[in-house]
Amino acid sequence: MEQALKGKHIVLGISGGIAAYKSAFLLRLFIKAGAEVQVVITPNGKEFITPATLAALSGKPVVSEFFAANTGEWHSHVDLGLWSDLMVIAPATASTIGKMANGVADNMLITTYLSAKSPVMIAPAMDLDMWAHPSTQRNIATLESYGVEIIQPGAGELASHLVGKGRMEEPDEILKRVIEHFSQRDSLRGKKILVTAGPTYENIDPVRFIGNYSSGKMGFAIAEEAASRGAEVILVAGPVSLETRHPRISRINVRSARQMLEAAQDAFEECDAAILSAAVADYAPEECCDTKLKRENTDGLTLKLVKNPDIAATLGDKKGNKILVGFALETDHEHDNALKKMKSKKLDMIVLNSLQNPLAGFNKDTNQVTIIKADGKETEYPAKSKKDVAVDILDELESVIN
Ligand code: PMT
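Counting from 1, residues in each chain are numbered in the order their sequence is written. Only residues with pLDDT of at least 70 are given local features in this predicted model, and only at 80 or more are side-chain atom pairs given and counted; all residues enter the totals for whole chains, interfaces and linings. Where side-chain values are given, they derive from all heavy atoms of the structure, hydrogens and water being excluded.

## With respect to the overall build of the protein chain
In DSSP terms, a helix is any run of H or I states spanning at least four residues, a strand is any run of E spanning at least two, and both are numbered starting from the N terminus. A tally of regular secondary structure across the protein chain gives 14 helices and 21 strands. By its C-alpha atoms, the protein chain is 80 × 55 × 40 Å across when sized along the principal axes. Each of the 402 residues in the protein chain was classed as buried or not, and the buried ones make up 50%. Residue contacts are defined here by distance: any two heavy atoms, one from each residue, within 4.5 Å place the two residues in contact. Sequence-distant contacts, at least 24 apart, represent 66% of the contacts inside the protein chain between residues at least 6 apart. Surface accessibility follows the Shrake-Rupley procedure with a 1.4 Å probe radius. Residue values consider only the protein chains on display as shielding. Total accessible area on the protein chain stands at roughly 19400 Å², and carbon and sulfur atoms take up 51% of it. The convention is simple: Lys and Arg are positive, Asp and Glu are negative, and His and the chain ends are not counted. By convention, the point assigned to a charge is CZ for Arg, NZ for Lys, CD for Glu and CG for Asp. On the protein chain, the mean spot of the 45 positive side-chain charges and the mean spot of the 52 negative ones are 1 Å from each other. Type-normalised accessible area, obtained with a 1.4 Å probe on protein chains alone, sets the label of each residue: buried when under 20%, exposed when over 50%, and partly exposed for intermediate values.

## Let's talk about the site of the ligand
Taken together, 27 residues are adjacent to the ligand, and Ser214, Ser215, Lys341, Asn353 and Asn363 come closest. Pairs of N or O atoms are called polar contacts if they sit within 3.5 Å, as long as, within protein, a hydrogen donor faces a hydrogen acceptor (for residues adjacent in sequence, only side-chain-to-side-chain pairs). Ala312 places a main-chain nitrogen or oxygen 2.8 Å from an oxygen atom of the ligand. When the ligand is considered free in solution it has 770 Å² of accessible area, and contact with the protein chains removes 96% of it. Of all elements in the fold, only α10 (217-228), α12 (311-317) and β16 (323-330) reach the threshold of two or more residues within the shell around the ligand. The greatest single-element share of the shell around the ligand, amounting to 4 residues, is contributed by β16. The criterion for a residue being near a molecule or strand is simple. One of its heavy atoms has to lie within 4 Å of it.

## Considerations on the side chain of Ser23
Note on placement: Ser23 falls in helix α1 (residues 20-32). For Ser23, a relative accessible area of 0% gives the class buried. Setting aside residues up to four positions removed in sequence, Ser23 forms contacts with Leu12, Ile14, Ala90 and Pro91.

## A short note on the sheet that holds strand β4 (residues 120-124)
Two orientations exist for strands paired in a sheet by backbone hydrogen bonds: parallel and antiparallel. Strands sit in the order β2-β1-β3-β4-β5 across an open sheet of 5 strands; the sheet is parallel. The strands lining the two open edges of the sheet, one partner per strand, are β2 (36-41) and β5 (149-150). At least two bridges found by DSSP between two strands is the condition for calling them paired. Across 4 bridges, strand β3 (residues 86-92) lies against β4 in parallel orientation. Bridging across to β4, Ile89 finds its partner in Ile122.

## A short note on the packing of helix α5 (residues 94-102) against helix α6 (residues 108-115)
For helices, the axis comes from a line fit to the C-alpha atoms of the stretch in contact; other axes are also lines fit to C-alpha atoms, and the angle between any two N-to-C directions lies between 0 and 180 degrees. At a minimum axis separation of 10 Å, α5 and α6 run at an interaxial angle of 40°. With respect to their mutual orientation, α5 and α6 come out oblique. Seen along the crossing, α5 lies across α6 with a hand that is right-handed. For the pair formed by α5 and α6, the contact residues are Thr96, Lys99 and Met100 on the first element and Leu109, Ile110 and Tyr113 on the second. Here the contact of α5 with α6 is composed, by residue class, of 4 nonpolar, 1 polar and 1 charged. The cut-offs work like this: below 35 degrees is roughly parallel, past 145 is roughly antiparallel, 65 to 115 is roughly perpendicular, and the gaps in between are oblique. Two helices that cross are described as forming a left-handed crossing if the nearer one is turned anticlockwise from the farther one by less than a right angle, and a right-handed crossing if clockwise. For this classification, Asp, Glu, Lys and Arg are treated as charged, while Ala, Val, Leu, Ile, Met, Phe, Trp, Tyr, Cys and Pro are nonpolar and the rest, including Gly, are polar.

## Concerning the domain arrangement of the protein chain
Domain limits in this description derive from either an automatic procedure or a database domain assignment. Domain annotation of the protein chain identifies domain 1 (2-185) and domain 2 (192-401). Taking the mean C-alpha position of each, domain 1 and domain 2 sit 38 Å from one another. Counting residues at the interface gives 5 residues for domain 1, matched by 7 residues for domain 2. Of the roughly 530 Å² buried between domain 1 and domain 2 on both sides combined, carbon and sulfur atoms contribute 35%. Salt bridges are defined by distance alone: a side-chain nitrogen of Lys or Arg within 4 Å of a carboxyl oxygen of Asp or Glu. On inspection of domain 1 and its partner domain 2, the count reaches 0 salt bridges. Taken together, domain 1 and domain 2 are joined by 0 residue pairs in polar contact (both at pLDDT 80 or more). At the level of secondary structure, the elements contributing two or more residues to the side of domain 1 that touches domain 2 comprise α8 (134-145) and α9 (171-187). Of the residues contributing to the side of domain 1 that touches domain 2, the split by class is no nonpolar, 3 polar and 2 charged. Here's the idea: put two parts together, see how much 1.4 Å probe accessible area each one loses, and the total over both is what we call buried area.

So this is what it looks like as structure tokens:
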């Protein structure tokens, strides 16, 4: 762990809670790991720990006010926001979390957060009822949707002597998360990765379509994971209601398989790899009616369907040295079908998931996959959250891309 943060610039934000005493230990750990740390503290934070302690540990004057008391010099939150590779706010009180979620820029810490170009992590600390309150939970969800990483508080005895969730995570655990953050961020730096996600909708008329149950959760988790490892990600997404969070993800929204093919083909040209997790409709109506089909005019309805293009196979034909990862969603003869798909689509790797497994497939938060590589190596993974499945897929991709 020694010097694992060498050369990294960390802004350590401290807000006013009793857990601020632990920030001194955290600061010491960051410095020992080689980071350069600038402390920004709220006015209330200074009631719990002195700037003198923090300045001595960081080797830099602590920033708290918009203007330096002795010289009147203006502290530039914009410069600090640009300087930082990571902003860690520990402890983050309910008040600071609320201000961050709502852009209430009334102190130096919040203005620095609003100007930060770097990723942001927060380690909340407060009493259990404050943590459980719907407004705190709503603010936490808002921050998550902005891409802020939440280091969940632990449970135990709190400063109030009540027992419950609300204790700031221990400094050595926060350090581990920060090191993990930086080591992951670099492993795919310089790579560009195409990810397809979600379903495609094939229009029948202006109000009806052929579609499937894909939610996009699997593909979005892959895109987030790839971006968090430093890759530039082009996410071609079918119609889903998910948000993308990471600034390194460029999202292209499409609806039909043909639109997805067009976007994927263009993007693939500039990419090093593609991971195709979309559930693409294999068929589309031969014709789409311009006006709504009326039931009164028919006894029944026969739709003529035509085959959609196979996006994976099209990319496979022109992949050259690029790495192509496909999925196989099966209901029977899973393994054989996956191997056939890997071969016919010229994939380097296929991620098999089966609808026979209640923890796998459409719209679940979990998946259970077997990853099969073209060289014959196979790994069967246990059921995990889709976020953790994305980690396994990216680990396997890294083993062939680098
Ligand atoms: O989105 P979620 O709700 O999180 O669900 C995730 C998922 C179940 C959709 C995902 O894990 C998954 O299995 N995706 C692939 C679904 C699929 O269409 O599988 P397939 O076996 O029919 O297709 C094989 C491969 O060819 C896939 O990589 C697919 O993207 C691709 N394909 C398929 C048809 C087609 N016309 N063009 C393609 O590129």
